[in-house]
Structures are given as C-alpha cells and as structure tokens.
Amino acid sequence: MDLRLTQTQPLQPVRLLELPPELLDQLESDHPPQLYLKSSAPAASSSSSTTTTTSTSTSTSATSTATSASSAASRPGADFVNLCTPDKTFSLRQVNSSNSVFLIKPRGAADRATATAPATDTDTDTAASTASTVTAIAQCKSTLEVQAMASSDTAVAPLLAVLAIYDESDILIDDRTEEDDHPLSPSEIVRERSKVFADIPFSLAECERAWKHICAFVHKSKESGVIACHRPSARAKLMAWEKIVEGATLHGIDLGKQFLVEDLWSAVIEEAQHTVIDEYPFPRSLFDAIVRRLVDNSPIDGDLKWANLDLRITAQWTAELLLEASNGSPKSVLNVDTFSSDWKDLLPEQWRPYASIDNLDKSCYRQPEATTICFRPNHGY
C-alpha cells in the first residue's frame, strides 16, 4: 500500500527530547514526578530563571517533544539548562543530525467519518487514495539528549558562589543578646532559602543536601533587620565548633551519645557569658546548621530536639576545616605532626585516637612531601 505524505505550512519548530530509561520509568509510574527546567541566574539580572513544567501524561517511547527547553536555553545569561525531578538533576545536550525527522498525524476525524459512510462506486477510488494519507506537522532538526549528571557534579559550588560569607569577624562583632535572638519562623527560613535555590541549576533535594553540607544558614541582621542567607567561612565554623566542644566538655555532654540539643546550646551560652556578659557567642542558626551537618541523615528543617554526632563525619569535617582555614595563608602547607596535634584538639577527648591521616578522605588534602599536608578543594559530598 502506498503512503501519501503531505505537510502543513509552516512546519512547527520542535525538538526531540531523548529520555534515559531511569527517567522514563519514573514518568510511566503511577505517580510521575514534576519536572523542572532550571538554569543559573542571568548575569545582568537577579531574577529567577526557573521554568517549571508538570508531567501530565506519559509515553511508552523514550522520545518526546520539548519546545520549552529551546526557549529556556536562549534566555540571556543562561549558559545551560538542566532538567530536574524533585530529587535528581539531568543535563541536556543538543545533538544535531543531517537526517530530518518529521512529526506526523493521520487523517482527521472528518475523514474517518467519511470512510464509514456508505460509499458509491465513484467514492471508492477517492477513499482508497486517502486512506493512507498522513500529514507532517513539525520538523525536528536536532535532539536534546537527557543524561544523568556525574556524581562529581553537585550543588555545592553554585551555592558557595551565590551565598554571602559569614566570617570570623562577623562572629566577633555580632553581639546578640538572648532577647535579640528571636528565631525566624519556618516559613521565613524556607522563603529566603527558596529564593537562593531558584537560581541553582540542581534539584531541590540536591540543593538541600549541599546547603546542609556547607552549614549554610538564614540570619537576621541585628542592625538592619535584613534577613539573608549566609555560608560560614572555615574560620567561622572553627570558632563556633571550638565553643561547642568547650561547652560540651565543661558540662559533661557526650557528643557521641544522645543529648538534648537545647542543653548543648545552653552550655555554649553559659560558657560564653563567663567572658562576655549577656552576649551570644554566635547566631543560634549557625549552631543548628553545624549540629545538623554532623548528625547523619538529619533533615535541614524541622525541630532537632535530640541528637548524637557521628564520629566519622565529625572527624572528617574538623580536619577539612583545619586545612581549609590555613589555605591561602603563609602556613597553608602544614607539618603533618602539627596538623595531627591541632586536629586532636578539635575533637572530644574520647574521639582523639581517630585523628589519623589514615582515616582522612584523600579527596580533601594533598601531601607535597611525606612530612607536609595542605588543603585540596573538593565540592563533592
């Protein structure tokens, strides 16, 4: 049987979206995820460049059409666009082909109705000639391949680039009394954090994981009252951690066993009041961020009433802070013995035997010589 092909004018410009089996299985499930197109913020604008699309139907083919992706990719300042589910990010790669791909549709309903009506001898030849007619309505000159991101690609680097740094000098001058330190409401925290996440080209779950990893927090300025998102520097985290360990030690709180988070914060405040009356040593929101960072599988929101710090996570984290804090200084290359001694001083006494370079993740340091060690930036988890 001959196939008669016609085409509409003009043809619609569309692209094919080639989905990996992993994503296709999710879209064909009983509860398909919502999909987002996300890119970084345009260089000349601070407005969000996020486009959201909702999955309303699924297909048994690994290829579907995507017209919105091309418009998102063409926005000024958007160097790339990623496709996100709520918990995973996929990159988009354009592939051009010399072969033309057409989207076609069969005859319309009116033609099918004519075909079911009683036919005369005169109509028979006409019906036969139109029965195999299809119409091309669009032409695809390129394909967007959807690929899972490499494990080394995380939201850490983009977050570090956009968040304001909260340094050790901020801790020293940020004199906050207990009356001043009213905690922000959950809705205020989520709102400010969502503004940042909107321009991070990764899924929400990956943004939250990176947020927790770098101990980011939402802080209200005492002087201006402005609420903003911050990332503490290595020195700021070290200073806060030293006060946490000091308070826990003097009040007999075993950080490796379950303790009340409020009791630990009270211990930190009480020890600070021995030197600076009625002043908080650092914001409560930074304290909460550090505790959540060191508790395995803790969420970034919600009430963290009880906690016990993970030995391996805490030891690795303090070692990285020590190396990072020295990075860029005249002492950026440390003597291994000196580093090990300082590292032990940052840990509760019962954890100090763990402070061995053999237990340190090699991705965070390098050794120019056998007796020296220095920081190696690592934006993974």
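Before reading further, recall that the structure is shown in the block above.
Residues numbered from 1 in each chain as written. Predicted model: local features only at pLDDT ≥ 70, side-chain atom pairs only at ≥ 80, totals over all residues. Heavy atoms only, no water.

What follows concerns unusual backbone geometry. Across the junction of Gln9 and Pro10, the peptide omega takes the value -5°, indicating a cis bond. Secondary-structure assignment places Pro10 in strand 1 (residues 4-18). Phi at Cys215 takes a positive value of approximately 60°, unusual for a residue other than glycine. With respect to the element layout, Cys215 can be found in the loop between helix 8 (204-213) and strand 9 (217-220). (Helix = DSSP H or I, 4+ residues; strand = E, 2+ residues; numbered from the N terminus.)

For the rest of this paragraph, the subject is the pairing of strand 15 (residues 372-375). By the alternation rule, side chains of strand 15 split into Thr372 and Cys374 and Ile373 and Phe375, which are all buried. Inspection of the sheet shows strand 13 (residues 334-335) paired to strand 15 by 2 bridges, in the antiparallel sense. Its bridge partner lying in strand 15, Leu334 is registered against Ile373. The sheet contact formed by strand 14 (residues 365-366) and strand 15 spans 2 bridges and is antiparallel. Residue pairing in the sheet places Arg366 in a bridge with Cys374 of strand 15. Remark: 5 residues form the turn of the hairpin made by strand 14 and strand 15, two consecutive strands paired antiparallel. (Buried < 20%, exposed > 50% of the residue type's maximum accessible area, 1.4 Å probe, protein only. Pairing = 2+ DSSP bridges.)

What follows concerns the pattern of salt bridges. By the definition in use, this model includes 5 salt bridges. Glu192 is paired through a salt bridge with Lys195; the nearest N and O atoms lie 3.4 Å apart. Of the two residues, Glu192 and Lys195 are both situated in helix 7 (residues 186-197); the distance of 3 residues between them amounts to about one turn of the helix. Using a relative accessible area of 12% as the deciding quantity, one classes Glu192 as buried. For the salt bridge of Asp288 with Arg284, the shortest nitrogen-to-oxygen distance reads 2.9 Å. Residue Asp288 and its partner Arg284 are located together in helix 11 (residues 284-294), separated by 4 residues, close to a single helical turn. Salt bridges here are not isolated pairs; linked through shared partners, they connect Glu262, Arg284 and Asp288. (Salt bridge = Lys/Arg side-chain N within 4 Å of Asp/Glu carboxyl O.)

On their own, these measurements won't tell you what the molecule is for.
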